[in-house]
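Reading the structure
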Amino acid sequence: MLSFITRKLLYGFLVLFGVVILVFFLFQGFGDPARLVIGQTGDSATIQNIRKELALDQPKWKQFVLYLNDVSPISFYSADDIQALGIEGLQIGSDSKLVIKFPYLRRSYQSRRAVSDILLEALPGTLTLALSAMLFATVIGVLLGVLAAVKQNTWMDSSAVFASVLGISAPSFFMGIVIAYLFGFVLSAYTGLHMTGSLFAYDAFEGRQLQLQNLILPAITLGIRPLAIITQLTRSAMLDVLGQDYIRTAYAKGLRKSAVIFKHALRNALNPVVTAITGWFAELLAGAFFVEYIFGWKGIGKITVDALERLDFPVVMGSVLLTASFFVLVNLLADVFYGIIDPRARIF
Amino acid sequence: MVGESGSGKSVTALAVLQLLPSPPAQYASGEIIFSNKGKPCDLLTVSKDELQQLRGNAIAMVFQEPMTSLNPVHSCGKQVAEAILTHSDMSKEAAFKKTITLFEDVKLPNPQKMFHKHPHEISGGQKQRVMIAMAMSCNPQLLICDEPTTALDVTVQKNILGLIRNLQQAHEMGVIFISHDLALVSEIADKVVVMYKGQIVEQGTTTAVLASPQHPYTKALLACRPALHQKGQRLPVLSDFINDTARPMTTIVTEKQTGTDDNNRTEKIISVNELSVWYPSKKNLFGKTLDYQKAVNNVSFDIYKGETLGLVGESGCGKTTLGRTLLGLVPPTKGDIRFNGKNMATATRHETIAMRRQMQIIFQDPYSSLNPNKKIGDAIAEPLKVHGIISNAAQRRDKVVELLEKVKLTADHYHRYPHEFSGGQRQRIVIARALALQPSFVVCDESVSALDVSVQAQVLNLLNDLKKDFQFTALFISHDLSVIRYISDRIMVMHKGMIVEAGNSEDVYTHPKTAYTKELIAAIPGKAFGSTL
């Protein structure tokens, strides 16, 4: 188990290294970021200063090594750099130091804030939204799928399938608007929900406050598509499993139907569903721009798109790296899940 | 209960516990009376709850496929304990303890460890023992065994039969034992019911039915077993008894096949030298192989032109891997294979394609070795097309029809799909496909193992006829020594990746040298009654 996770993590680091290369050459490899920082109006002296500050006067390969040094958790810095960049972490050595730190993602061109701060601020919103959307989609989706499979060829089956086809075909920006308008505006008096709102509200007197009710509508909107897909996958996997010999064995033991379905059939049907769930989850962790935009939810997606619009490359690069790390982690998680669910898939 | 597949014996057994999915199944008429501790009840009319009470408790069942009948995601012990917990108010610990005692009763090795093992970690025979332990867990009054040993090796089959018999006597329970093999049933049953096309055609005590079978179907079942016949004799088939009653049985049995000349076979078609095929079984952190599963371990032998070489051994002994390696489907780890004197490993691409044309395989499972989306005619025509033998579509069609007729099918079958055929017919289609290229070497990998005894006789006859016709050399792989003895000139016995014995088939069969071969021969069911017939 441990060696399996270690190996997977090693692969994960390789993947991330590839992403770093790609990201660097896409956003820093060409063009002159200094111009982006200062805009159209800067005089040449300012530009030169910025170039120096961002090490843009160095050759490209050196820029890349510096960037790698910045994002790597283990890196080397001179004492001055540590001061200048505000790097924290375990420092070893006196003048030129070996530093073990949280990856330094540099600073935004526009706001000059540290990218990690910007991302960390949005992360709780994205995490809670993705988690709750997937929780909603998984619980309802699996239940609907099981129901549809067990009651195959009845009205329950066909309506579940119909609803899921509807869910798959409805784009989130459309569903988002419909749901926000319907439940956050028309029926607001009954639901007590608002069209927009983030995870935290900032009150002049009491400071930051958790606003969990704001989560409901965006989570549902975001969960509809994965829900539809999970329903369909669960249904087809369950139908396959219900025809297996061991289901007959379970019935022959004298088990109740519910025990057969949930204890014997469902667990065997879960593997394709887990693939879908983890895939979607990782994707939602990259942020969901439309939903965040419509509901005014503060999350990674909106920050990334905004940064792209302003050509604020460090933020974009940071969020790409963050998303890639999520993908690697979630995939590792999925592999572990496969093994837990199905002992035959245990490769560790 | 004896009958061929599709005769309705499994359906009858499943109906007892109402395990047939309904719909589509309908119980049109009749009743199933079960005497539950002296209290008779009709199983077709009892309520759902009562039925659940009976299932696994008063009536238990062991199924045919041990590989698929256990849930792969739960440990063996849990699955057995579940049955106990369902029907008693025992505590979990007590149920676990009882499971381990049951595992001891069914002679599973290391019951404590076996409890935590998952089905994929144990052998087929062990799985069937777990199934029997599960069935026995609530001391049932009736045990239904639906072909419990069909998927198992003969040696394992013998042990399982013994186990069922012992349990039956110890617990004084009734057993319904279903099989397509009358000989097998004769070893275990007191009373025999013969089913044919959904009806009971004969029933009586085992000795009475075996000694004087009345129905032609029963007679055919008894006569068509290859164990009773000399090599080269045409096996009697079902139609000899059922349609063609005018032909007396004796002439059919003694009709000797000509053209099997055993003399001076010296030309080697295949020569195998110190061949090993290993699969990595354990790898370290960096993917370096630490340990190997030695499927084929250092074997050397020759196959002479025109002969049929039988390869026998239990499942997992490496015989299938060996067959596939000969065809170049599995790369050898060590050693070399020479086909007509040419080393296969060093052959050029062009030469390899030419060799492939000369070598064909007939697989075990006729159900999965035909593409369900392809018309059988096209499936047979495909190799002709791939190797560019007949480029004209019309001529190819004629050739396919000719092949179909050779395997006793008709031109009408050309445009049909595999699911429209029975198992025996499919196997004949697979044979036609293999023979389309007129190969000089054919590997028959358990080609008749999935078939009923009666259908098996037809296919064996066909293979004998075709061999005479097409003059090919064959490697016949099977776990059934009686089939191997019937069809082969020479026999090789394989055990744990190595060849333990080889020789002329009659010599090996009648005077086995190694203990393993003796064990295999002793395990052939129905030897006792076969010799008296």
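Quantities reported herein were computed from a predicted structural model and do not represent experimental measurements.

Attention now goes to the overall build of chain B. Of the regular secondary structure elements, chain B holds 23 helices and 17 strands. A globule of 533 residues ought to have a C-alpha radius of gyration of about 24 Å, and chain B, at 25 Å, matches this closely. Once the C-alpha set of chain B is aligned to its principal axes, its extents read approximately 70 × 70 × 50 Å. For chain B, the proportion of contacts with a sequence separation of at least 24, taken over those separated by at least 6, is 68%.

Turning next to the sheet that holds strand S13 (residues 359-362) of chain B. Residues and elements named next belong to chain B. A sheet is described by the order of its strands in space; here six strands give the open sequence S13-S14-S15-S10-S16-S17, paired in mixed fashion. Each of the sheet's edge strands pairs with one partner strand only, and the pair in question is S13 and strand S17 (498-504). Going across the sheet, the axis of each strand differs from the next one's by a mean of 15 degrees, ignoring polarity. Pairing of S13 with strand S14 (residues 441-445), which is carried by four bridges, proceeds in the parallel orientation. Within S14, the position partnered with Ile-361 by the bridge is Val-443.

For the rest of this paragraph, the subject is the domain arrangement of chain A. Residue and element names in this part refer to chain A. Domain parsing of chain A yields domain 1 (2-72), domain 2 (73-104) and domain 3 (115-345). Every contact between the two is made by four residues of domain 1 and, on the other side, nine residues of domain 2. Roughly 530 Å² is buried in total at the junction of domain 1 and domain 2, and carbon and sulfur atoms are behind 35% of that figure. Among the residues domain 1 hides against domain 2, the three largest losses belong to Asn-69, Asp-70 and Ser-72. Together they make up 82% of the total. On the surface where domain 1 and domain 2 come into contact, there are four residue pairs in polar contact (both at pLDDT 80 or more). Residues of the side of domain 1 that touches domain 2, tallied by class, amount to one nonpolar, two polar and one charged.

Another aspect to go through is helix H6 (residues 115-150) of chain A. Structurally, the α-helix is built with 3.6 residues per turn, so residues lying three or four positions apart point the same way. In this model H6 of chain A runs 50 Å from its N-terminal to its C-terminal C-alpha over 36 residues, within 8% of the 52 Å that 1.5 Å per residue would give. Of all the bends in H6 of chain A, the greatest reaches close to 35 degrees and is centred on Leu-123 of chain A; the proline Pro-124 of chain A follows between one and four positions later.

Position of Arg-106 of chain A relative to the elements: it lies in the loop between strand S3 (96-100) and H6. A polar atom in the side chain of Arg-106 of chain A sits 2.8 Å from the side chain of Asp-70 of chain A.

Once that is clear, we can look at the sheet that holds strand S4 (residues 142-146) of chain B. Sheets are built from strands that pair by backbone hydrogen bonding, the pairs being arranged parallel or antiparallel. All names here are of chain B. Spatially, three strands are ordered S3-S4-S5 in an open sheet, and the strand pairing comes out parallel. Of all strands in the sheet, those bounded by a partner on one side alone are strand S3 (59-62) and strand S5 (174-178). Neighbour to neighbour, the strand axes of the sheet diverge by 15 degrees on average, direction disregarded. Relative to S4, S3 is paired through four bridges, and the arrangement is parallel. What sits directly across from Ala-60, in S4, is Leu-143. Most of the contacts of helix H7 (residues 124-136) go to S3, to which it runs at about 175 degrees, and overall it touches S3 and S4.

This part is about empty space enclosed by the protein. In this structure the tally under the stated criterion is four cavities of 30 Å³ or more. Its volume calculated, the largest cavity comes out at about 380 Å³. Along the wall of the largest cavity there are 25 residues; nearest its centre are His-180, Asp-181, Gln-456, His-479 and Asp-480 of chain B. Of all elements in the fold, only helix H8 (154-171), helix H19 (453-470) and helix H20 (481-487) of chain B reach the threshold of two or more residues within the lining of the largest cavity. Taken together, the residues of the lining of the largest cavity break down into eleven nonpolar, ten polar and four charged. Size it by volume and the second largest cavity reaches roughly 50 Å³. Around the second largest cavity sit Thr-249, Ala-252 and Lys-253 of chain A together with Gly-56, Ala-60, Met-61, Met-134 and Ala-135 of chain B, which together line it. Among the elements of the structure, helix H11 (245-252) of chain A together with S3 and H7 of chain B are those that each provide at least two residues to the lining of the second largest cavity. When the residues that make up the lining of the second largest cavity are grouped by side-chain class, the tally is five nonpolar, two polar and one charged.

On to the interface of chain B and chain A. With 26 residues of chain B at the contact, the number on the chain A side is 23 residues. Where chain B abuts chain A, roughly 2,300 Å² becomes buried across the two surfaces, and 58% of that area is made up of carbon and sulfur atoms. A salt bridge links Lys-253 of chain A to Glu-82 of chain B; the nearest nitrogen and oxygen atoms lie 2.7 Å apart. In this assembly, chain B and chain A are joined by twelve residue pairs in polar contact (both at pLDDT 80 or more). Contributing elements (two or more residues each) for the side of chain B that touches chain A: helix H3 (66-69), helix H4 (76-87) and H7 of chain B. Looking at the side of chain B that touches chain A element by element, the count peaks at five residues for H4 of chain B. Grouping the constituent residues of the side of chain B that touches chain A by class yields eleven nonpolar, twelve polar and three charged.

Moving on, we come to the packing of helix H1 (residues 2-27) of chain A against helix H4 (residues 60-71) of chain A. All names here are of chain A. For the pair H1 and H4, interaxial distance at closest approach is 11 Å and the crossing angle is 130 degrees. By the angle between their axes, H1 is oblique relative to H4. Where H1 crosses over H4, the two elements pack in a sense that is right-handed. Each of Phe-17, Val-20, Ile-21, Val-23, Phe-24 and Phe-25 in H1 lies in contact with H4, whose residues at this interface are Lys-60, Gln-63, Phe-64, Tyr-67, Leu-68 and Val-71. Per-class residue counts for the contact of H1 with H4 are ten nonpolar, one polar and one charged.

Right, let's talk about the packing of aromatic side chains for a bit. Residue and element names in this part refer to chain A. Under the counting rule described, the total for this entry stands at twelve aromatic pairs over all chains. Plain terms: the ring middles of Tyr-181 and Phe-185 are 5.6 Å apart, the flat faces sit at 25 degrees to each other, and that makes the pair stacked. One end of the pair, Tyr-181, and the other, Phe-185, are both in helix H8 (residues 172-186), four residues apart, so they sit about a helical turn from each other. Accessibility expressed as a relative area gives 43% for Tyr-181, which makes it partly exposed. With centroids separated by 5.7 Å and ring planes inclined at 55 degrees, the aromatic side chains of Phe-289 and Phe-290 adopt a geometry described as tilted. Looking at Phe-289, the relative accessible area reads 26%, which means it is partly exposed.

What follows is about the nonpolar core. Among the nonpolar cores identified, the biggest contains 75 residues, and Ile-59 and Ile-132 of chain B are the most heavily contacted of them. In terms of residue count, H7 of chain B provides more of this core than any other element does, seven residues in total. Listed in part, the 74 residues of the second largest apolar core include Leu-227, Leu-255, Ala-265 and Met-317 of chain A.

A separate point is the pairing of strand S10 (residues 308-312) of chain B. Walk down a regular strand and you will see the side chains alternate between the two sheet faces. Residue and element names in this part refer to chain B. Across the five residues that make up S10, a large majority, five, are buried. Neither face of S10 is exposed, since Thr-308, Gly-310 and Val-312 on one face and Leu-309 and Leu-311 on the opposite face are all buried. The pairing of S10 with strand S15 (residues 473-478) spans five bridges and is classified as parallel. The partner of Leu-311 across the bridge, within S15, is Ile-477.

Here the focus is the pairing of strand S11 (residues 334-339) of chain B. Residues and elements named next belong to chain B. Relative to S11, strand S8 (residues 268-283) runs antiparallel, the two being bridged by five bridges. Among the inter-strand pairings, Ser-271 is bridged to a residue of S11, identified as Arg-338. Where S11 meets strand S12 (residues 342-343), two bridges bridge the pair, whose relative direction is antiparallel. From the neighbouring strand, Phe-339 faces S12, where its bridge partner is Lys-342. Counting the residues between successive antiparallel strands, the hairpin from S11 to S12 contains two residues, one of them, Asn-340, with a positive phi of roughly 50 degrees.

With that out of the way, let us pick up a nonpolar patch on the surface. All names here are of chain A. A cluster of nonpolar side chains, Phe-173, Phe-174, Val-178, Tyr-181, Leu-182, Phe-183, Phe-185, Val-186, Leu-187, Tyr-190, Met-195 and Phe-290, forms an exposed patch at the surface whose accessible area comes to about 1,200 Å². The element contributing the most residues to the nonpolar patch is H8, with eight residues. Note on placement: Leu-187 falls in the loop between H8 and helix H9 (188-191). Here Leu-187 falls in the partly exposed class, since its relative accessible area comes to 31%.

Scoring rules and cut-offs
Residues numbered from 1 in each chain as written. Chains lettered and ligands numbered in written order. Predicted model: local features only at pLDDT ≥ 70, side-chain atom pairs only at ≥ 80, totals over all residues. Heavy atoms only, no water. Helix = DSSP H or I, 4+ residues; strand = E, 2+ residues; numbered from the N terminus. Rg over C-alpha atoms; globule rule 2.2 N^0.38 Å. Contact = heavy atoms within 4.5 Å. Pairing = 2+ DSSP bridges. Axes fitted to C-alpha atoms, helices over the stretch in contact; angles between N-to-C directions. Domains from an automatic or database assignment. Buried area = accessible area lost by both parts, 1.4 Å probe. Polar contact = N/O pair within 3.5 Å; in protein donor to acceptor, adjacent residues only side chain to side chain. Nonpolar A, V, L, I, M, F, W, Y, C, P; charged D, E, K, R; others polar. Expected span 1.5 Å × (residues − 1). Bend = angle between axes of the 7 residues up to and from the residue. 1 Å grid on protein atoms, 1.4 Å probe; cavity = no way out; pocket = protein on both sides within 12 Å on 5 of 7 lines; lining within 4 Å. Points joined across faces, edges and corners; volume = space filled by probe spheres on them. Salt bridge = Lys/Arg side-chain N within 4 Å of Asp/Glu carboxyl O. Parallel < 35°, antiparallel > 145°, perpendicular 65-115°, else oblique. Left-handed = near helix turned anticlockwise from the far one by under 90°. Phe/Tyr/Trp six-rings, centres within 6.5 Å; stacked < 30°, edge-to-face > 60°. Buried < 20%, exposed > 50% of the residue type's maximum accessible area, 1.4 Å probe, protein only. Core = buried A, V, L, I, M, F, W, Y, C linked by side-chain atoms within 4.5 Å. Patch = residues over 30% accessible without salt bridge, like charges linked within 9 Å, V, L, I, M, F, W, Y side chains within 5 Å. Areas by Shrake-Rupley, 256 points an atom, 1.4 Å probe, with all protein chains shown as cover.

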